[in-house]
Amino acid sequence: MEIFDYDNILLLPRKCLVESRSECDAGVELGGRKFRIPVVPANMKTVIDEKICVWLAENGYFYVMHRFDLDNVQFVRDMRARGVYASISLGVKAPDYAAVDQMVDEGLIPEYITIDIAHGHADSVKKMVRYLKAKMPSAFVIAGNVATPEAVIDLENWGADATKVGVGPGKVCITKLKTGFGTGGWQLSALKWCARVATKPIIADGGIRSHGDIAKSIRFGASMVMIGSLFAGHEESPGKTVEVDGELFKEYYGSASDFNKGEYKHVEGKRILEPIKGRLSETLIEMEQDVQSSISYSGGRKLMDVRKVNYVILGGDNAGEHLLM
């Protein structure tokens, strides 16, 4: 297999069939709902909070609430009270099972549940997926994170409705440095590898540095793209505002960092400062317009038409930039 990442790939245009890029439909269906764009902010404390979740749900976007220092039961109650869908994250420990039991007892069934652990190809995830499917059969269960086709096959067979692919490729992930494992540096080809065996949606998680990487993710098999750093640093972002030499930044740190854990133990994340970049709503509109442009370059009218294009691999061991069908 070829090993490459987002920076090594360019998609090749096909004849444009639309008169205006605005004719292109950037929407995607996931779990019975259609969302405006195939993008979801990362379920991290410095990226998303309840207020942002409500706004996203009300405006046609997908969200996944984080699971840190959060009462999931109360969160689902709050989303129900506001008349919007509930999308939560769970771990695989005893309090997570207790939260599931309490939600079932109260008749609070979230529409989406993401089992979110660093190494999702695990018996602990198998147990939780099967528990959720028994207790909440109507919930759409996303499980991860994983990095191999074997893991995707297992998670699908265990009952997951979608898998999250990406181990350590994010801007604040140091998994490859701390452990020697992961998809950092080859996330896009890992996605391609996993998508070959997937029969259910894949959410590509991590390594996105520009809006064009969204289209590349779709081309190589993702249905949805989870993004952290591009969403951190907005005016609404929950990260702490920090001033450095008169310039304003927002804190952004990994879920496996000591900043998130509150202790230095099994640390696989770090903290960085993201320059404040305006309002989240403006970035989402720009992303939608850029995805529409990608669709027009693909010679299509809808998002999945991007999967039909050819691509080139640039530089490195593949110098000579050869064409791949």
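Refer to the preceding data block for the structure.
Below, the structure is looked at part by part. (Residues numbered from 1 in each chain as written. Predicted model: local features only at pLDDT ≥ 70, side-chain atom pairs only at ≥ 80, totals over all residues. Heavy atoms only, no water.)

1. So, the overall build of the chain
Move 1: The helix and strand inventory of the chain stands at ten helices and 15 strands.
Move 2: Taking 325 residues into account, the globule formula puts the C-alpha radius of gyration at 20 Å, and the chain, at 19 Å, falls close to it.
Move 3: Across its three principal directions, the C-alpha atoms of the chain cover 55 × 50 × 45 Å.
Move 4: Here the chain, with 325 residues, has 54% of them falling under the buried criterion. (Helix = DSSP H or I, 4+ residues; strand = E, 2+ residues; numbered from the N terminus. Rg over C-alpha atoms; globule rule 2.2 N^0.38 Å. Buried < 20%, exposed > 50% of the residue type's maximum accessible area, 1.4 Å probe, protein only.)

2. Here's the deal with the side chain of Ser 229
Move 1: Mapped onto the elements of the fold, Ser 229 is located in the loop between strand 10 (224-227) and strand 11 (241-244).
Move 2: With near-sequence residues (within four places) excluded, Ser 229 lies in contact with Lys 171, Ile 208, Tyr 252, Glu 274 and Lys 277. (Contact = heavy atoms within 4.5 Å.)

3. Description of the packing of aromatic side chains
Move 1: Enumeration according to the criterion identifies 14 aromatic pairs in this entry.
Move 2: Linked through ring pairs, Phe 35, Phe 62, Tyr 63, Phe 75, Tyr 85, Tyr 112 and Phe 140 together constitute an aromatic cluster.
Move 3: When the ring centre of Tyr 97 is taken as reference, the NZ or CZ atom of Lys 127 above it lies at 5.1 Å.
Move 4: If you follow Arg 219 out to its NZ or CZ, it ends over the ring of Phe 220, 5.0 Å from the centre. (Phe/Tyr/Trp six-rings, centres within 6.5 Å; stacked < 30°, edge-to-face > 60°. Lys NZ or Arg CZ within 6 Å of the ring centre and 35° of its normal.)

4. Describing the pattern of salt bridges
Oppositely charged side chains are able to pair whenever their charged atoms sit close together.
Move 1: Applying the stated criterion to the full structure yields 17 salt bridges.
Move 2: In this structure, Lys 45 engages Asp 69 in a salt bridge whose closest nitrogen and oxygen atoms are separated by 2.9 Å. With Lys 45 in the loop between strand 4 (39-41) and helix 1 (50-58) and Asp 69 in the loop between helix 1 and helix 2 (72-81), this residue pair connects regions lying 24 residues apart in the sequence.
Move 3: In this structure, the salt-bridge partner of Glu 50 is Arg 82, at a minimum N-O distance of 2.9 Å. Of the two residues, Glu 50 sits in helix 1 while Arg 82 sits in the loop between helix 2 and strand 5 (87-90), which places them 32 residues apart along the sequence. (Salt bridge = Lys/Arg side-chain N within 4 Å of Asp/Glu carboxyl O.)

5. Details of the sheet that holds strand 6 (residues 112-116)
Move 1: Pairing is parallel across the open sheet formed by seven strands, whose spatial order is 4-10-9-8-7-6-5. Where the open sheet ends on each side, the last strands, each with one partner, are strand 4 and strand 5. Going across the sheet, the axis of each strand differs from the next one's by a mean of 25°, ignoring polarity. (Pairing = 2+ DSSP bridges. Axes fitted to C-alpha atoms, helices over the stretch in contact; angles between N-to-C directions.)

6. Considerations on the sheet that holds strand 12 (residues 247-253)
Move 1: Taking strand neighbours across the sheet as the criterion, the three strands line up as 11-12-13 in an open arrangement whose pairing is antiparallel. Lying at the two open borders of the sheet, with one neighbouring strand each, are strand 11 and strand 13 (271-275). Strand-to-strand, the axes of this sheet are offset by a mean angle of 45°, without reference to chain direction.
Move 2: In this structure, strand 11 lies alongside strand 12, joined through four bridges in antiparallel fashion. Residue pairing in the sheet places Glu 243 in a bridge with Leu 248 of strand 12.

7. Some remarks on the packing of helix 2 against helix 3 (residues 94-106)
Move 1: Here helix 2 crosses helix 3 at 35°, and the two axes come no closer than 9 Å. Together, Val 73, Val 76 and Arg 77 of helix 2 and Ala 99, Gln 102, Met 103 and Glu 106 of helix 3 make up the contact between the two elements.
Move 2: Its residues assigned to classes, the contact of helix 2 with helix 3 comprises four nonpolar, one polar and two charged. (Nonpolar A, V, L, I, M, F, W, Y, C, P; charged D, E, K, R; others polar.)

8. With respect to the packing of helix 1 against helix 2
A pair of packed helices can be characterised by two numbers: the angle between their axes and the separation between those axes.
Move 1: Two elements in contact, helix 1 and helix 2, have axes whose closest approach is 11 Å; the angle formed by their N-to-C orientations is 40°. Classified by the interaxial angle, the pair formed by helix 1 and helix 2 is oblique. You can see that helix 1 and helix 2 cross each other, and the crossing is right-handed. Where helix 1 abuts helix 2, its residues Glu 50, Cys 53 and Val 54 lie against Phe 75, Asp 78 and Met 79. (Parallel < 35°, antiparallel > 145°, perpendicular 65-115°, else oblique. Left-handed = near helix turned anticlockwise from the far one by under 90°.)

9. Considerations on the environment of Ala 147
Move 1: Secondary-structure assignment places Ala 147 in the loop between strand 7 (140-146) and helix 5 (149-158).
Move 2: Distance from Ala 147 to His 121, taken between C-alpha atoms, is 8.5 Å for residues 26 residues apart in sequence.
Move 3: In this structure Ala 147 touches Val 167, Thr 183, Trp 186, Ala 190, Trp 193 and Cys 194, once residues within four positions along its chain are discounted.

10. Some remarks on the pairing of strand 5
Note on strand geometry: in a regular strand, side chains alternate between the two faces of the sheet.
Move 1: Where burial is concerned, the two faces of strand 5 agree: the one with Ser 87 and Ser 89 and the one with Ile 88 and Leu 90 are both buried.
Move 2: As paired elements, strand 5 and strand 6 share four bridges and run parallel to each other. Opposite Ser 89, over in strand 6, you have Thr 114 as the bridge partner.
Move 3: Read as a crossover between parallel neighbours, the route from strand 5 over helix 3 to strand 6 is right-handed. (Right-handed = clockwise from strand over helix to strand, strands pointing away.)

11. So, the pairing of strand 12
Move 1: Within strand 12, five of the seven residues are buried, leaving the element largely enclosed by the surrounding structure.
Move 2: As consecutive antiparallel partners, strand 11 and strand 12 are separated by two residues, and within that stretch Asp 245 has a phi angle of approximately 50°, a positive value.

12. Quick word on the side chain of Asp 213
Move 1: In this structure, Asp 213 sits in helix 8 (residues 212-219).
Move 2: With sequence-adjacent residues up to four places away left out, Asp 213 is seen in contact with Tyr 6, Gly 207 and Ile 208.

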